[in-house]
Amino acid sequence: MEVHMEAADTARGQFSQPPETSNETIIAKGTAVSGHLCGGGMLRVEGTIEGAVEITGVVVVTVTGVVKGPIHADTVYVAGCVEGNVFAKDLLQLEMTGDLNGDIMTASFLIYDGGQLNGCCTMTGAGQEPVFLY
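Residues numbered from 1 in each chain as written. Predicted model: local features only at pLDDT ≥ 70, side-chain atom pairs only at ≥ 80, totals over all residues. Heavy atoms only, no water.

(A) Fine view of the overall build of the protein chain. Check the secondary structure of the protein chain and you find zero helices and 14 strands. Helices and strands appear in the protein chain in the N-to-C order β-β-β-β-β-β-β-β-β-β-β-β-β-β. Split into buried and exposed, the 134 residues of the protein chain put 46% on the buried side. Partitioning the contacts of the protein chain with sequence separation of at least 6, the portion at a separation of at least 24 is 16%. Split by element, the accessible area of the protein chain, about 6200 Å² in all, is 50% carbon and sulfur. (Helix = DSSP H or I, 4+ residues; strand = E, 2+ residues; numbered from the N terminus. Buried < 20%, exposed > 50% of the residue type's maximum accessible area, 1.4 Å probe, protein only. Contact = heavy atoms within 4.5 Å. Areas by Shrake-Rupley, 256 points an atom, 1.4 Å probe, with all protein chains shown as cover.)

(B) The arrangement of the sheet that holds strand β6 (residues 66–68) in detail. Taken in spatial order, the six strands make up an open sheet running β2-β4-β6-β8-β10-β13, and their pairing is parallel. A single partner strand is all that each edge strand has here, and the edge strands are β2 (32–34) and β13 (116–118). Averaged over all adjacent pairs, the angle separating strand axes in this sheet is 5°, with direction ignored. By the bridge criterion, three bridges tie strand β10 (residues 99–101) to β13 in an arrangement that is parallel. (Pairing = 2+ DSSP bridges. Axes fitted to C-alpha atoms, helices over the stretch in contact; angles between N-to-C directions.)

(C) Looking closely at the pattern of salt bridges. On inspection of all chains with the given rule, the structure shows one salt bridge. Put simply, Arg44 and Glu46 hold a salt bridge, and the shortest N to O gap is 3.0 Å. Under the relative-accessibility criterion, Arg44 is labelled buried at 10%. (Salt bridge = Lys/Arg side-chain N within 4 Å of Asp/Glu carboxyl O.)

(D) Molecular detail of the nonpolar core. One finds Leu43, Val59, Ile71 and Val76 to be the most contacted residues of the largest nonpolar core, which totals 21 residues. Mapped by element, the contributors of at least two residues to this core are β3 (37–45), β5 (53–61), β7 (71–78) and β9 (86–94). Look past the residues within four positions of Val76 in its chain and what remains in contact with it is Val59, Ile71, Val86, Ala88, Leu91, Leu92 and Gln93. (Core = buried A, V, L, I, M, F, W, Y, C linked by side-chain atoms within 4.5 Å.)

(E) Geometry of the pairing of β3. Of the pairings in the sheet, the one linking strand β1 (residues 24–27) to β3 comprises four bridges and is parallel in character. In the sheet register, Ile26 faces β3, and the bridge partner there is Arg44. Inspection of the sheet shows β3 paired to β5 by nine bridges, in the parallel sense. Paired with Met42 across the strands is Val58, a residue of β5.

(F) Fine view of the environment of Ala73. Locating Ala73 in the fold gives a position in strand β7. On the basis of relative accessible area, Ala73 is assigned to the buried category, the value being 3%. Filtering out sequence-adjacent residues up to four positions away, Ala73 remains in contact with Ile55, Gly57, Val59, Phe87, Ala88 and Lys89.

(G) Quick look at the confidence of the model for the protein chain. Counting all residues, the mean pLDDT for the protein chain is 85, and 77% of those residues have values of 70 or more. Note on residues 1–13: pLDDT is under 50 here. Beyond four places in sequence and across chains, it has 33 contacts. (pLDDT = per-residue confidence, 0-100.)

Below is the structure:
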C-alpha cells in the first residue's frame, strides 16, 4: 500500500511535503501508548505517546498528536505537540500549529509561521547520523 497526502491546510493535519511509504502505523486519536516505540516505515501520531520513539522512516505528529519523549527518525513532521528532543536525520518540518519543546538535531529544518520551538537547534551535515543527547 502506498500512502499519499495531498498538500493542504496544515491546521487540518495535512503537510506541504507529503511523506510516502508502504508501511504505516497509526496511533489513533483518543489512544494513549506508553513505552519505547521502534520500527520502520511511517508512524502517524494522532493520539498520545509517552516514551521514546525510534523509527527508520517518517514520524508524523498530527494536530491532535502528542509525543512526550525523544523522537529519532529520518524525517519528522510536527503539527501537534512534542515534549522531548528530536533527532531527524534528513528533515524536521514544524508546521504552523506545531509546538516543540526540546532540542533538535537535523540536516534540514523548516518552520512555518506560527510554529513554536522552545529549545536549541543543531544542524548536521547531509546524511550525517545525529548524536543522541539523552
